[in-house]
Amino acid sequence: MPRCEEFDWLIDYLADEASHEKDDESHEEDDETEGDALLALSAMRGLGSSTKRRSYIMTLIHCMSPTRPPRVRHAALRAICDARADLASITIGSMPQGVDAELLDSLSRAIFTVVCPNNDQTVPDRSPRFHYNRDRCFSRLIFALAMKKEWHERLTRDGHLTRCTSLVKQSLALYNWDLRCYLTGIFTFTHSSDKILSLNPRTCIRTTWGERFFLIDALPELVIVTRQLLQGDNSIPDDELPDLARDVHQALETLQERRAIWVNIGIWTQADIDVVLPLVQALDTDLRQMIGNREGPEGGPGSAEF
């Protein structure tokens, strides 16, 4: 993977485009090139080098503003989604150089405007209320942030959780399960799943593991949500664990049996397999151990930490 510093010139290009727009209202931006630059920056999987991080975040905020074309806004959303691990790792006690709470607040508000384009009625926008790729990207980003308690206030205050609630109906109607998975995780980590009556977390996770159509890039999140539902007050009941364990084990067997075929025909890469397979294997092992612990040495009640 290229080093973040190798993308500095692209960040400088976008920052320069943004400054030209501010200084010269007659300047016509090359929207196509901007969109391509943002897609290229997604490959960083981060927020840039330490010297360019603030500039990059400010550029993403600019590119997501309501005045920008949909393609540029969506490309900026994808870039920040692909940097979600970096973004989620920022805490009050470990702010990177050039980053502060005010900047993160501005970024949060900018993200919301991309998925709710009609929220600002002063700027005409023909973007649809639901767009699968856009809203999947948004939900995956919010899922990563929802796992960090420091982001909960922003997610509530800036409307992200309200937007996620509005996506539940569409997610239930989709063949692809990834959007349902992200939303389930968001509501689980923010303790609001009890308010979303049409999206039962346990049912969602059970049916998702029972699928035989795998979206491999969403499997790590599925493992995380499953583990979260196996602990706490609303954990999966003992009588449902064997069925869940069976589905996870069958999914693992399918991954192991078909991985070579899927890599050969280009559906997945070996790097994908190397990330996902150990996560599913570990969950499979832990589930079987958990069932054994709960049954106890003679099949009676037991206890386990997951």
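Quick look at the structure, then. Since this is a predicted model, take the numbers as computed values, not measurements.

Criteria and cut-off values
Residues numbered from 1 in each chain as written. Predicted model: local features only at pLDDT ≥ 70, side-chain atom pairs only at ≥ 80, totals over all residues. Heavy atoms only, no water. Buried < 20%, exposed > 50% of the residue type's maximum accessible area, 1.4 Å probe, protein only. Helix = DSSP H or I, 4+ residues; strand = E, 2+ residues; numbered from the N terminus. Phe/Tyr/Trp six-rings, centres within 6.5 Å; stacked < 30°, edge-to-face > 60°. Lys NZ or Arg CZ within 6 Å of the ring centre and 35° of its normal. Salt bridge = Lys/Arg side-chain N within 4 Å of Asp/Glu carboxyl O. Polar contact = N/O pair within 3.5 Å; in protein donor to acceptor, adjacent residues only side chain to side chain. Contact = heavy atoms within 4.5 Å. Axes fitted to C-alpha atoms, helices over the stretch in contact; angles between N-to-C directions. Parallel < 35°, antiparallel > 145°, perpendicular 65-115°, else oblique. Left-handed = near helix turned anticlockwise from the far one by under 90°. Nonpolar A, V, L, I, M, F, W, Y, C, P; charged D, E, K, R; others polar.

### Quick word on helix H13 (residues 219-229)
Residue pairs three or four apart in sequence face the same way in an α-helix, which turns once every 3.6 residues.
Here's step 1: Summarising burial for H13: 9 of the 11 residues are buried, a large majority.
Here's step 2: Buried within H13 are the following residues: Leu219, Pro220, Glu221, Leu222, Val223, Val225, Thr226, Gln228 and Leu229.

### A few points about the packing of aromatic side chains
Here's step 1: For the coordinates displayed, the defined rule picks out 3 aromatic pairs.
Here's step 2: Ring geometry for Phe143 and Phe189: centres 6.1 Å apart, planes at 85 degrees, overall edge-to-face. Residue Phe143 is found in helix H7 (residues 132-146), and its partner Phe189 is found in helix H11 (residues 178-189); the two are separated by 46 residues along the sequence.
Here's step 3: In this structure Phe189 comes out as buried when scored by relative accessible area, which is 13%.
Here's step 4: Cluster of aromatic residues (ring-pair linked, three or more members): Phe143, Tyr182 and Phe189.
Here's step 5: We note Arg154 situated over the ring of Trp151; from NZ or CZ to the ring centre the distance is 4.6 Å.

### As for the pattern of salt bridges
Here's step 1: Enumeration over the complete set of coordinates arrives at 26 salt bridges.
Here's step 2: Arg3 serves as the salt-bridge partner of Glu5, at 3.2 Å between the closest nitrogen and oxygen.
Here's step 3: In this structure Glu5 comes out as partly exposed when scored by relative accessible area, which is 42%.
Here's step 4: A salt bridge links Arg157 to Asp158, with the shortest nitrogen-to-oxygen separation between them at 3.0 Å.
Here's step 5: The exposure class of Arg157 is partly exposed, given its relative accessible area of 43%.
Here's step 6: When salt bridges that share partners are traced, they join Arg84, Arg136, Arg140, Asp178, Asp217 and Glu221 into one network.

### Some remarks on the side chain of Asp284
Here's step 1: Structurally, Asp284 is set in helix H15 (residues 270-295).
Here's step 2: A distance of 3.1 Å separates polar atoms of two side chains, one belonging to Asp284 and the other to His249.
Here's step 3: Of the polar contacts made by the side chain of Asp284, one reaches the side chain of Arg288; its length is 3.1 Å.
Here's step 4: For Asp284, the residues in contact, after removing those within four places along its chain, are Ala245, Val248, His249 and Leu252.

### Remarks on the packing of helix H4 (residues 70-82) against H7
Here's step 1: In contact at an axis separation of 9 Å, H4 and H7 are set at 30 degrees when each is read in the N-to-C sense. Viewed along their axes, H4 and H7 adopt a mutual orientation that is roughly parallel. Judged by the sense of rotation from one axis to the other, the crossing of H4 with H7 is left-handed. Where H4 approaches H7, its residues His74, Leu77, Arg78, Ile80 and Cys81 are matched on the opposing element by Arg134, Cys137, Phe138, Arg140 and Leu141.
Here's step 2: Across the contact of H4 with H7, the residue classes break down as 6 nonpolar, 1 polar and 3 charged.

Keep in mind these values describe shape, not function.
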